[in-house]
Amino acid sequence: MPADTPLSVLSIATLFPDAAHPNFGLFVEKSLRSLAAQPGIALTVVAPVGLPPFPLSLHPHYRARRSLPRSEDWNGLTVHRPRFTLIPTVGTRFNPAAIARATLPIARAAAADVIDAQFFYPDGPAAMRVAEALGLPFSAKARGADISHFGHAPATAPQLLEAADKAAGLLAVSDAMRRDMAAIGIDAQKIAVHYTGIDTARFHPGDRAAARVALGMGEAPAILTVGALIPRKGQALVIEAIPALPGVHYWLAGAGEEEGRYRALAAKLGVADRVHFLGSVANADLPQLYRAADIVVMPSASEGLANAWVEALACGTPIVISDAGGAAELVTSPVAGRIAPRTAPAIAAAVQEILAAPPAPADVAATLAGRFDWDRNGRELAEHLRRCAQK
């Protein structure tokens, strides 16, 4: 199919920003905006909103979701936000069917040629149902936890595998993610690697000293983690490494359920004065924060290919990460950083090595070698969906 042939795409994206959560799923928004910019593409986005049954839906926790518009122009994209019934904690297996019911009328009105799922679960099985109802092909993309968790959980794995089998094509954020998909029985021949993008006009090397002055971080060596404060991200391991890193300060950007435990751990280890909780950081402020750090340290238990890894490198900051997901696809030389075991001593040793001989920021950024570009991301997604539409 020629690159400019008209193609109507309906994309289901449960990871997508909204007015209440502007940082949520930003990388999905950027990818879909790049897709929409491609010749011949007409894109409709469905970002379904899950609400529990009445009267639970009146709980203050759901107030922001209830007030979201049903449809809006979001940074140039047509975005629909239909409601579906969400059963908290125990209802994960029912979400795909509920999302499909909410999406089907929008898909009919959009006259879609192909259905795109931006997350493998619940988006993938939901896309499968919509596509079957309309006699259309569909695609699904794997990003990380959708495979590492939902691909193994008994309540969700059967639907995920059925969607993988029936899809016209599949995407993975890294080659490692592709291998993880194959390991649970997904046909590797159907999977194409689709790397994320990076906005190099924002994420680029800069003056580290000036960034620190602007942020009030002082002159002490600084390591940084960007991500939700949850066990999977491994911030506790970094805190446990701080006693072995005299004079090094640890900055945590993100919020989450483990903050109280992490603060208590830092106090117990006697390093509370060197562990700093920044809370949620706006995406617009991330480039300067990356540039201010000597090293970004992220020992996650699982990842696909973390956007924070790519963003840090683009800003010229080396990374210390665990051997998770596409780690080896990014840390291709010591200039980019280290892949370390998920233990406090190993993390401390990797940090010490880099601090002893810090690479030049420009050399760190150069390790990305142009592989991560939003225009390329959108072009490859358009090409993939055109191939799916022909099947």
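Residues numbered from 1 in each chain as written. Predicted model: local features only at pLDDT ≥ 70, side-chain atom pairs only at ≥ 80, totals over all residues. Heavy atoms only, no water.

Caption draft 1: Spotlight on the overall build of the protein chain. Helix and strand counts for the protein chain stand at 16 helices and 16 strands. Taking 2.2 N^0.38 as the reference for a compact globule, 391 residues should give roughly 21 Å; the C-alpha atoms of the protein chain span a radius of gyration of 21 Å, in line with that estimate. Along the first, second and third principal axes, the C-alpha atoms of the protein chain reach 60 × 50 × 40 Å. Within the protein chain, buried positions represent 55% of all 391 residues. Sequence separation of 24 or more characterises 71% of the internal contacts of the protein chain that already satisfy a separation of 6 or more. Summed over all atoms, the accessible surface of the protein chain reaches about 15800 Å², with 57% contributed by carbon and sulfur. Separation of charge centres in the protein chain, based on 36 positive and 35 negative side chains, amounts to 5 Å. (Helix = DSSP H or I, 4+ residues; strand = E, 2+ residues; numbered from the N terminus. Rg over C-alpha atoms; globule rule 2.2 N^0.38 Å. Buried < 20%, exposed > 50% of the residue type's maximum accessible area, 1.4 Å probe, protein only. Contact = heavy atoms within 4.5 Å. Areas by Shrake-Rupley, 256 points an atom, 1.4 Å probe, with all protein chains shown as cover. Lys, Arg positive; Asp, Glu negative; His and termini not counted. Charge placed at Lys NZ, Arg CZ, Asp CG, Glu CD.)

Caption draft 2: Looking closely at the pairing of strand 4 (residues 71–74). With four bridges connecting them, strand 4 and strand 5 (residues 77–80) associate as antiparallel partners. Residue pairing across strands places aspartate 73 opposite threonine 78, the latter belonging to strand 5. (Pairing = 2+ DSSP bridges.)

Caption draft 3: Quick look at the nonpolar core. Judged by nonpolar contacts, the single largest core of 97 residues is most densely connected at Phe16, Phe120, Met181, Ile186 and Tyr290. Counting residues per element, this core draws most heavily on helix 3 (residues 95–110), at seven residues. Not counting residues up to four positions away in its chain, the partners in contact with tyrosine 290 are Phe203, Leu224, Val226, Val296, Ala308, Glu311, Ala312, Cys315 and Thr317. One finds Ala266, Val271, Ala340 and Ile347 within the second-largest nonpolar core, a separate group that totals 28 residues. (Core = buried A, V, L, I, M, F, W, Y, C linked by side-chain atoms within 4.5 Å.)

Caption draft 4: Highlighting a nonpolar patch on the surface. Taken together, the side chains of Ile87, Val90 and Phe94 make up a nonpolar region of the molecular surface, amounting to roughly 300 Å² of accessible area. Relative to the helices and strands, isoleucine 87 resides in the loop between strand 6 (83–85) and helix 3. With relative accessibility at 34%, the residue isoleucine 87 sits in the partly exposed group. (Patch = residues over 30% accessible without salt bridge, like charges linked within 9 Å, V, L, I, M, F, W, Y side chains within 5 Å. Salt bridge = Lys/Arg side-chain N within 4 Å of Asp/Glu carboxyl O.)

Caption draft 5: Region of interest: the pattern of salt bridges. In this structure the tally under the stated criterion is 13 salt bridges. A salt bridge links glutamate 72 to arginine 81, with the shortest nitrogen-to-oxygen separation between them at 2.7 Å. Residue arginine 81 is classed as buried on the basis of its relative accessible area, which comes to 1%. In this structure, arginine 376 engages glutamate 380 in a salt bridge whose closest nitrogen and oxygen atoms are separated by 2.8 Å.

Caption draft 6: Layout of helix 6 (residues 157–166). Those residues of helix 6 lying buried are Ala157, Gln159, Leu160, Ala163 and Ala164. Buried residues along helix 6 cover an arc of 165 degrees about the axis, so they all sit on one side. Exposed residues lying more than 90 degrees from the buried face of helix 6 are Pro158 and Asp165. In this structure, the buried residues of helix 6 make contact with helix 3, helix 4 (123–134), strand 8 (138–142), helix 5 (145–148) and strand 9 (169–172). (Arc of directions from axis to C-beta.)

Caption draft 7: Quick peek at unusual backbone geometry. Cis geometry is adopted by the peptide bond preceding proline 55, which originates at phenylalanine 54 and carries an omega value of 5 degrees. Secondary-structure assignment places proline 55 in the loop between strand 3 (49–51) and helix 2 (63–66). In this model, tyrosine 121 is joined to proline 122 through a cis peptide bond whose omega is 10 degrees. Take proline 122: it is sitting in the loop between strand 7 (114–117) and helix 4. Phi is positive for alanine 111, close to 50 degrees, though the residue is something other than glycine.

Caption draft 8: Main features of the packing of aromatic side chains. The full count for this structure, using the stated rule, is three aromatic pairs. Between the aromatic rings of tyrosine 195 and phenylalanine 372, the centroid separation amounts to 5.0 Å while the plane-to-plane angle is 55 degrees, which identifies the pairing as tilted. You can see tyrosine 195 sitting in the loop between strand 10 (191–193) and helix 8 (208–215) and its partner phenylalanine 372 sitting in the loop between helix 15 (361–366) and helix 16 (374–389), a full 177 residues away along the chain. Residue classification places tyrosine 195 among the buried residues on the basis of a relative accessible area of 18%. Here the guanidinium or amino end of arginine 81 rests over the ring plane of tryptophan 74, the centre of that ring lying 5.4 Å away. (Phe/Tyr/Trp six-rings, centres within 6.5 Å; stacked < 30°, edge-to-face > 60°. Lys NZ or Arg CZ within 6 Å of the ring centre and 35° of its normal.)

Caption draft 9: Spotlight on the packing of helix 1 (residues 26–36) against helix 16. Where helix 1 contacts helix 16, the axes come no closer than 7 Å and their chain directions differ by 70 degrees. Between helix 1 and helix 16, the angle is such that the two are roughly perpendicular. Pair helix 1 / helix 16 crosses with right-handed handedness. Residues Phe27, Lys30, Ser31, Leu32, Ser34 and Leu35 of helix 1 form the contact with helix 16, whose participating residues are Trp374, Asp375, Asn377, Gly378, Leu381, Ala382 and Leu385. Among the residues making up the contact of helix 1 with helix 16, the classes are represented as seven nonpolar, four polar and two charged. (Axes fitted to C-alpha atoms, helices over the stretch in contact; angles between N-to-C directions. Parallel < 35°, antiparallel > 145°, perpendicular 65-115°, else oblique. Left-handed = near helix turned anticlockwise from the far one by under 90°. Nonpolar A, V, L, I, M, F, W, Y, C, P; charged D, E, K, R; others polar.)

Caption draft 10: Spotlight on the packing of helix 4 against helix 6. Packing of helix 4 against helix 6 leaves a shortest axis separation of 8 Å and a crossing angle of 50 degrees. Here helix 4 lies oblique to helix 6, going by the angle between them. Where helix 4 crosses over helix 6, the handedness of that crossing is left-handed. Across the interface between the two elements, Gly124, Pro125, Met128, Arg129 and Glu132 of helix 4 pack against Gln159, Leu160, Glu162, Ala163 and Lys166 of helix 6. Of the residues contributing to the contact of helix 4 with helix 6, the split by class is four nonpolar, two polar and four charged.

Everything listed here is a matter of coordinates, which is why it stays silent on function.
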